[in-house]
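Summary of the model geometry
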Amino acid sequence: MTGRSLDVHRVSRESLRAIAAGRADETDLHLLRSAQRSQLLLVLRALLDHADESAGRVRHPGGTPSAKDAWQLLCTAQRQAPDAVECVLSDPAVMAWALRLLRRLGGSAGTPARVPLWADLGQFQALAAAAVLRARIPAVLRVPAHRGTVWLPGLGVAGPVARRRWSVAEIRVEPDGAVVQGELATVRLPGSLVAQAPGWRPLHVLDGLTSRPDGDLADGAPWLDTVTPHRDFNRYPKAPGRLAQRRLRSWEGRLTEAYALLDRESEPDAAALRALVRSLVPRQFQTARGGLVASASSVDSFGAITLSLPYDATQTAAVLVHETRHQQLNALLSMVRLVRAPEDVPDRSQAQRLYYAPWRSDPRPALGVLHGLFAFSGVARFWRTHRGYVKGTEAQRADFEFAVLREQLQEAATGLLAEDELTEGGRLFAGEIAELVQQWQKDDVAALPGRLAGDYCALRRAVWRARHLEIAQPEAERFAGAWAAGAPAPAVPPSVLRPRLDLVRLDVFGPLARYRLSEPKRFFRERGQAEAGEDPVRRAEYALIAGDAQQAARWYGELTENDPHNVEAWIGAALAQPAHVRSTGRTVLLARPEVVAGVSRAVAAAGGDPPDLFRLAAWLGGAVSGPAWAAHGVWMG
């Protein structure tokens, strides 16, 4: 507000390389965090320029308090107690609110707001209230209340003090405490703002990770957030939730153990986690066998991670590494462009190019692939290191995760670097990761997890192609005619991307493979139950993962007999072929299943009998040239 010109954040090539390779030091992490703080201040300043003008157009009983007055209170608090303001601004929900409101005022919110404009603007008062409350500066402020609940950023929520969906409450801060008063009730806040009290629900500091005996939020320890209205990345406002004590203890124990594991095994990841992640938001998710976890980060909520409860400390650590990588890249992208903007693409007539991201079931743009490349390279490094600390089934599990990710990362990096969508900085960044991943290819893994990892990667790749790629119908009909005439197969054309998200289903192989490695006795016991059942898909998958090629071929054969055009069953049958009988047909089915499926449908449409897809694939084999999956970037039609 002084009118002085501002400096800009700069990223050196050395820092860019260090971040890409997972070697970010304290200076690099400070740069990322500082850039996000600067962005928040710029957003708040932009809001300040328009908030009072917008409030003047809003009809609300009693008017909307001035944002500039709230800003002056924040400035006063910063001069007297800068740590108090830092604690408030470090709440990731503040950025989420500010960006949503900025888009709303600018007319680019996308979806209709679920919050009255006066209440959205009034959150400026909530920021000021939280700051003066921490600083113990006497003040009286009027703040919005959603269903009687008042949000105090970086602290928690008070209420309910009213019943209406939206109302105004008063916060009175005095040297000896604070009171929140609404139209129906009054809440006196406790002296220790991390302590629960009637009508007061604080952010829950993780006891095992705080360095202060009073568990104060200002010491930088992460908190569990079940109360903030902006904690959901997609839906606002969200009512406060509750964690039962037993569930809360599970979260505390799991996270404390995970932080300790990273401190012990992966110091760079531990440092990044502690420096960048402030808020952990528990979410509901039905945990599947094999340990599926739902987790996410948002570019609008720097420092916040939402995740379901992982099943052990090791998986928790891997998830935290993954999401912390997203935090790093989001912060980096606010300073450096790594992917070319649409206006920089030479042929503007083409639509967005989409790629195969091996860890996703849907086609992804270059930025999405880059995010996955960086995030999963961190997870791969975690599992690679973790292998040296464990034995038995835990070592098998670590081998599998590492082997899967190094193959997927190499494929994604190769595809991304082969195209022209990265900037010079982006190529430097992705190239650093690619070089690291290339070194990992020399590492040995145990035979069983290595086999399962290879099958899993081949299966995901082939199924993705079968779902989302195809050859043009005239080409398929030309092949069908050659097949019917007994002629050699023509040259196989490039495939075209036609995303079919309706065909995507839950991945079963990955969770079952992890289950096979972690709990082998239980896996084989339940395989026996599957064998006695009537679901051939379930029986086939169990047999394939168990390494029982004969039984897997039997059950996949039953599937293909019932539905000759079920290309995913044919892919499973191809994977089940023992090494000593593997054929050209198998290779083509795994490499170009969309071609085999397209020609098969064309043969049937022309009145011919459905062909054996192994025979058809072998016939096509002589016409497939070049690396079958060298490039996955294709222009959308």
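In case you missed it, the structure is sitting above this.
In this report, we go over the structure that sits alongside the text. On a predicted model such as this, the values are computed, not experimentally measured, just so you know.

**Details of the overall build of the chain**
A tally of regular secondary structure across the chain gives 22 helices and 17 strands. On C-alpha atoms alone, the chain measures out to a radius of gyration of 28 Å, which is about the 26 Å that the 2.2 N^0.38 rule sets for 637 residues. In terms of overall dimensions, the chain has C-alpha extents of about 90 × 55 × 50 Å along its principal axes. The proportion of buried residues among the 637 residues of the chain is 54%. Long-range contacts, defined here as pairs at least 24 residues apart, represent 69% of the contacts in the chain between residues at least 6 apart. Carbon together with sulfur atoms contributes 50% to the accessible area of the chain, which is approximately 28,100 Å² in total. Taken together, the 78 basic and 69 acidic charged side chains of the chain have centroids lying 4 Å from each other.

**A look at the sheet that holds strand 2 (residues 150-152)**
Read across the open sheet, the 3 strands follow the order 2-3-7; overall the sheet is antiparallel. Looking at the sheet topology across the chains shown, the edges are occupied by strand 2 and strand 7 (200-202). Neighbouring strand axes in the sheet, compared pairwise and without regard to direction, differ in orientation by 20 degrees on average.

**Digging into helix 18 (residues 549-562)**
Over its 14 residues, helix 18 extends 20 Å from the first C-alpha to the last, a length consistent with the 20 Å expected when each residue adds 1.5 Å. Among the residues of helix 18, those classed as buried are A552, W555, Y556, L559 and T560. Each buried residue of helix 18 sits inside an arc of 140 degrees when the element is viewed along its axis, so together they form one side. Facing away from the buried side of helix 18 by over 90 degrees, the exposed positions are Q550, R554, E561 and N562. Looking at the buried positions of helix 18, the neighbouring elements they touch are helix 16 (520-532), helix 17 (536-546) and helix 19 (567-576).

**Things to note about the side chain of R467**
Here R467 lies in helix 13 (residues 447-468). The exposure class of R467 is buried, given its relative accessible area of 9%. Within the local environment of R467, its side chain forms a polar contact with the backbone oxygen of L503, the two atoms lying 3.4 Å apart. One polar contact links R467 to E568, side chain to side chain, over a distance of 2.9 Å. Residues in contact with R467, not counting those within four places in the same chain, are R498, R500, L503, V504, R505 and E568.

**What about a positive patch on the surface?**
On the surface, a cluster of positive charge is contributed by R114, R147, R165 and R235. Take R147: its relative accessible area is 46%, and that puts it in the partly exposed class.

**Points about the packing of aromatic side chains**
Tallying each qualifying case throughout the model produces 14 aromatic pairs. Considering the side-chain rings of W97 and F124, the 5.4 Å spacing of their centres and the 90 degrees angle between planes classify their relative orientation as edge-to-face. Residue W97 is found in helix 5 (residues 92-106), and its partner F124 is found in helix 6 (residues 117-135); the two are separated by 27 residues along the sequence. In terms of burial, W97 and F124 fall into one category: buried. Centroid distance W570 to F614: 5.5 Å. Interplanar angle 70 degrees. Geometry classified as edge-to-face. On the criterion of sequence distance, the pair formed by W570 in helix 19 and F614 in helix 22 (residues 613-621) is long-range, its members being 44 residues apart. Each of the two residues, W570 as well as F614, counts as buried. Counting every residue linked through ring pairs, the aromatic cluster contains Y515, F523, F524 and Y542. Sitting over the ring of F374, R325 keeps its end group 4.4 Å from the ring centre.

Rules of the game
Residues numbered from 1 in each chain as written. Predicted model: local features only at pLDDT ≥ 70, side-chain atom pairs only at ≥ 80, totals over all residues. Heavy atoms only, no water. Helix = DSSP H or I, 4+ residues; strand = E, 2+ residues; numbered from the N terminus. Rg over C-alpha atoms; globule rule 2.2 N^0.38 Å. Buried < 20%, exposed > 50% of the residue type's maximum accessible area, 1.4 Å probe, protein only. Contact = heavy atoms within 4.5 Å. Areas by Shrake-Rupley, 256 points an atom, 1.4 Å probe, with all protein chains shown as cover. Lys, Arg positive; Asp, Glu negative; His and termini not counted. Charge placed at Lys NZ, Arg CZ, Asp CG, Glu CD. Pairing = 2+ DSSP bridges. Axes fitted to C-alpha atoms, helices over the stretch in contact; angles between N-to-C directions. Expected span 1.5 Å × (residues − 1). Arc of directions from axis to C-beta. Polar contact = N/O pair within 3.5 Å; in protein donor to acceptor, adjacent residues only side chain to side chain. Patch = residues over 30% accessible without salt bridge, like charges linked within 9 Å, V, L, I, M, F, W, Y side chains within 5 Å. Salt bridge = Lys/Arg side-chain N within 4 Å of Asp/Glu carboxyl O. Phe/Tyr/Trp six-rings, centres within 6.5 Å; stacked < 30°, edge-to-face > 60°. Lys NZ or Arg CZ within 6 Å of the ring centre and 35° of its normal.

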